[in-house]
Structure formats: C-alpha cells, structure tokens
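Each chain, written out:
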Amino acid sequence: MKEFVLMLIGAALVNNVILARFLGLCSFMGVTTRIDTAAGMGLATTFVITVSSMADWAVQRYLLDAYGLGFLRTVTFILVIASAVQFTEMTIRKVSPTLFQMLGIYLPLITTNCAVLGVALLLVEGHMGFLAATLFAFASSLGYSLVMVIFAGLRERLVLAQVPRLFAGPPIAFIVASLLAMAFMGFSGISTS
Amino acid sequence: MTPPIASATGSHTIEGIARVVRVEGLVAWLEPEQTTSCGSCASAGACGAGATGLGTVASRIAARRFPLDNPGGLTVGERVVVGVDDRALIKAALTAYALPLFAALAAGGLAQGAYGSDPLTLVAMLGGLGSGLLAARAGARRLDRRGDLAPRFLRRARPGETCHPGQEET
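So, how was this worked out
Residues numbered from 1 in each chain as written. Chains lettered and ligands numbered in written order. Predicted model: local features only at pLDDT ≥ 70, side-chain atom pairs only at ≥ 80, totals over all residues. Heavy atoms only, no water. Helix = DSSP H or I, 4+ residues; strand = E, 2+ residues; numbered from the N terminus. Rg over C-alpha atoms; globule rule 2.2 N^0.38 Å. Contact = heavy atoms within 4.5 Å. Areas by Shrake-Rupley, 256 points an atom, 1.4 Å probe, with all protein chains shown as cover. Lys, Arg positive; Asp, Glu negative; His and termini not counted. Charge placed at Lys NZ, Arg CZ, Asp CG, Glu CD. Expected span 1.5 Å × (residues − 1). Bend = angle between axes of the 7 residues up to and from the residue. Salt bridge = Lys/Arg side-chain N within 4 Å of Asp/Glu carboxyl O. Axes fitted to C-alpha atoms, helices over the stretch in contact; angles between N-to-C directions. Parallel < 35°, antiparallel > 145°, perpendicular 65-115°, else oblique. Left-handed = near helix turned anticlockwise from the far one by under 90°. Nonpolar A, V, L, I, M, F, W, Y, C, P; charged D, E, K, R; others polar. Phe/Tyr/Trp six-rings, centres within 6.5 Å; stacked < 30°, edge-to-face > 60°. Buried < 20%, exposed > 50% of the residue type's maximum accessible area, 1.4 Å probe, protein only.

(A) Focus on the overall build of chain A. A count of helices and strands for chain A gives 9 helices and 0 strands. Starting at the N terminus and walking to the C terminus, you meet the elements of chain A as α-α-α-α-α-α-α-α-α. In terms of overall dimensions, chain A is globule-like: its C-alpha atoms have a radius of gyration of 18 Å, near the 16 Å expected for 193 residues. With the principal axes as the frame, chain A shows a C-alpha extent of 60 × 50 × 30 Å. Taking the intrachain contacts of chain A between residues at least 6 apart in sequence as the baseline, contacts between residues at least 24 apart amount to 77%. Carbon together with sulfur atoms contributes 71% to the accessible area of chain A, which is approximately 8900 Å² in total. Distance between charge centres in chain A, computed from 10 positive and 7 negative side chains, equals 7 Å.

Structure below.
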C-alpha cells in the first residue's frame, strides 16, 4: 500500500508531467487563461490518459510483447490514443448531447497532447502490473490537472496586476511558469522514511 | 469566452458569441463562433485546431449547435452573446469524466484485491467504466432537467465583437 501511495505522490508531484517532464506544454500555455477552462481540459485529459493507458498496457502485454513487435510501440500507441479520444467523443455525445456541446471542444486538442503518449511510454518502461500502471497514469494526469488549475489561477490574477509593458502577456506568464516549476522542485525533497 | 461577469446574485457567467443558423417558431438554433478552446495558433494546421486541420472542425461545430428560446425575435445570421453559469462547466466535466473514472478505478481496485489477476482487473475496470458512463448519463439528465447546463441569451453582439476582449474583428 505504501508503495502505491509513494508512486501516486511521485507521479503527481515529484515527477510532474508538465513541470518536471516538460510534457503537455502546448495546452499548459494555451488553455490556462481561465480556471474553469483549465479544469475542464484537465479533467478531459485525465480521462483520456487513464483510458488510453489501460488500452496501451493491454496492447503492449498481449500484442507487442507476445509477438515481438516492440519496434511498433510508438506508432501503435499513437493509434490507440487517437482511438481513445474518438471513443471518448462518441461516448460523451451519446451519453449527453448537452455535455458534448460544453466539453467536446477540448477533445481534439488532447489527441496531439504529448503528455498522453509520454505517460503511456513511461508506464510501459516501468514494467508495472495493470492496476499499478493505471494508477500511475491517473496520478500523472491528476498532477497535470493540478498544475493547469494553479497556473490558470495565477494567470487570472496576472491580468489584474500592473506588469511592465515589456513583460506583459506571454513573457510574464513564462516567468511565472518557471517560478512554479521551481516551487514544485521542493517536492523532490519529500522524505519517505 | 470572455472573463466571468458577476451578476447581482453573486454568481458568475461565462460569455460566448454564437450565430443564429436556424429559427423554428420560438426556438433559435445557434452555432458557437469560438472554434477552439486554445484560440488556435500558428501551428493550428498541424494539430487539427484550425479550419485547415484534419477537416473535422466543421462537423464538430455543427454537432455543437444548441437551441435557445427566441423571445427577442432573433433572425438567421444574427450574432448574439450567450452565457452559462461558470460552475456549469465544472459540473459537466465532473459528471462526464470524473464519475466513470472513479467507478473504473474502484472496480479495478476491488478486483485486484479479490483475485490479484491482471486480466480480471482489466475486465472489472471496463465494467466499472461502463457503469460509470451509465451513471454519468443519469447525472447529465438530472442537470439537464434542472437547466444547469442551458445557455441563456444575454444580448445581441456588437458589430465586430469577438470572444477575446480587446480583439475586435476588422
């Protein structure tokens, strides 16, 4: 149990997908102008990362490993991720057209989010069991969502702040992102004893 | 979408611009003008966010058409500002994504604890995901009935008004 908890903390905070592994930076800068859009994107990405990781684990174990097709891993995972996004879109549309109207806009962006492929490759390299792999993917995506929401909150405040004209807009956002990354480095000092 | 506007009741509204594409009696069908949540960038053609991307944007936008009561006599082609409560997006995302995900993880945890087998855990998680999606459908229907997710007509858009403050169309 302790191993699971440490793995969850490690995946979400210590080795954060955005601030430590530098994955998913496009959405990190592009969709964090408002907290609610960042949270919506974060939840959608969490869902897709977790579901596609489940599928990726099964494909790796029962197809690629079993038939010695490991060299096709990246291509296969991209296909699985695109299918997972399409599945999510079709399911949300079927489950509730209203929800699809509100949330469907995020889904095309997730297909090209490198965090999804990055997490899938990481969990395969970790040689984990199915539940551990799924929890690793879930924790990684929770860390992604957490950083998205925190950064969106900071950017909402930045809009109201008086910033020198030279730094207004993206420059000050990048500076804040670097400060946030440094703050997250503090998690690497967590003692596990 | 523009920043949230506080109402007299203290709640906030997220505003967006939509165009009237059809009028049926007292109901107007609107199509959102915002094409992407990221506003799309110079590399939009590569990521599918732009109109020249994977060719699915038009169908996605068409699929996002929504009905609105038409008390103000809106006509086809008019641009209007609509709004939803800012908590609606979070409620919708939690219902659609968090509920199925937690159901899947709970089912997987129980199966792993009971059998300790990866294939069975996988099957249990898929079952949990399906159950969670059914629960999400029920939750979405409840939100629909309460009108929590319904956009409201706020006003007609000004000429050149966009969903990005300070960036008027030329």
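(B) Fine view of helix α3 (residues 86–115) of chain B. All names here are of chain B. For α3, with 30 residues, the first-to-last C-alpha span of 43 Å sits near the 44 Å given by 1.5 Å per residue. Helix geometry: α3 is bent most strongly at leucine 94, by close to 35 degrees. Following α3 by one or two positions, glycine 116 has its phi on the positive side, about 65 degrees.

(C) Up close: the pattern of salt bridges. Throughout the structure, instances matching the rule amount to 3 salt bridges over all chains. The residue arginine 22 of chain B makes a salt bridge to glutamate 24 of chain B at a minimum N-O spacing of 2.9 Å.

(D) Fine view of the packing of helix α3 (residues 35–64) of chain A against helix α4 (residues 73–95) of chain A. Residues and elements named next belong to chain A. Look at α3 against α4: their axes get within 9 Å of each other, and the N-to-C directions meet at 140 degrees. When the axis of α3 is compared with that of α4, the two are oblique. Two packed elements cross with a definite hand, and for α3 against α4 that hand is right-handed. Residues Phe47, Val48, Ser52, Ala55, Asp56, Val59, Gln60 and Leu64 of α3 lie in contact with α4, whose contacting residues are Arg73, Thr76, Phe77, Val80, Ile81, Ala84, Val85 and Thr88. Partitioned by chemical class, the residues of the contact of α3 with α4 number 10 nonpolar, 4 polar and 2 charged.

(E) Region of the structure containing the packing of aromatic side chains. Residues and elements named next belong to chain A. One pass over the full model with this rule turns up 6 aromatic pairs over all chains. Arranged with centres 5.2 Å apart and planes meeting at 65 degrees, the rings of tryptophan 57 and phenylalanine 130 form a pair that is edge-to-face. Separated by 73 residues along the polypeptide, tryptophan 57 in helix α3 and phenylalanine 130 in helix α8 (residues 130–160) bring together distant segments of the chain. Using a relative accessible area of 0% as the deciding quantity, one classes phenylalanine 130 as buried. For the pair phenylalanine 184 and phenylalanine 187, a centre-to-centre distance of 5.2 Å together with 70 degrees between the ring planes defines the contact as edge-to-face. Look at phenylalanine 184 and you get buried, because its relative accessible area is 8%. Here a set of aromatic residues connected by ring pairs shows up, and it is made of Trp57, Tyr62 and Phe130.

(F) Summary view of the environment of arginine 142 of chain B. Residue and element names in this part refer to chain B. In this fold, arginine 142 is placed in helix α4 (residues 118–146). The class of arginine 142 is partly exposed, set by a relative accessible area of 46%. Sequence separation of arginine 142 and glycine 108 is 34 residues, and the distance between their C-alpha atoms is 27 Å.

(G) Structural context of the environment of glycine 42 of chain A. All names here are of chain A. Within the element layout of this structure, glycine 42 appears in helix α3. With 65 residues separating them in the primary sequence, glycine 42 and leucine 107 have C-alpha atoms 11 Å apart. Once you skip the residues sitting within four places of it in the chain, glycine 42 turns out to touch Tyr144 and Ser145.

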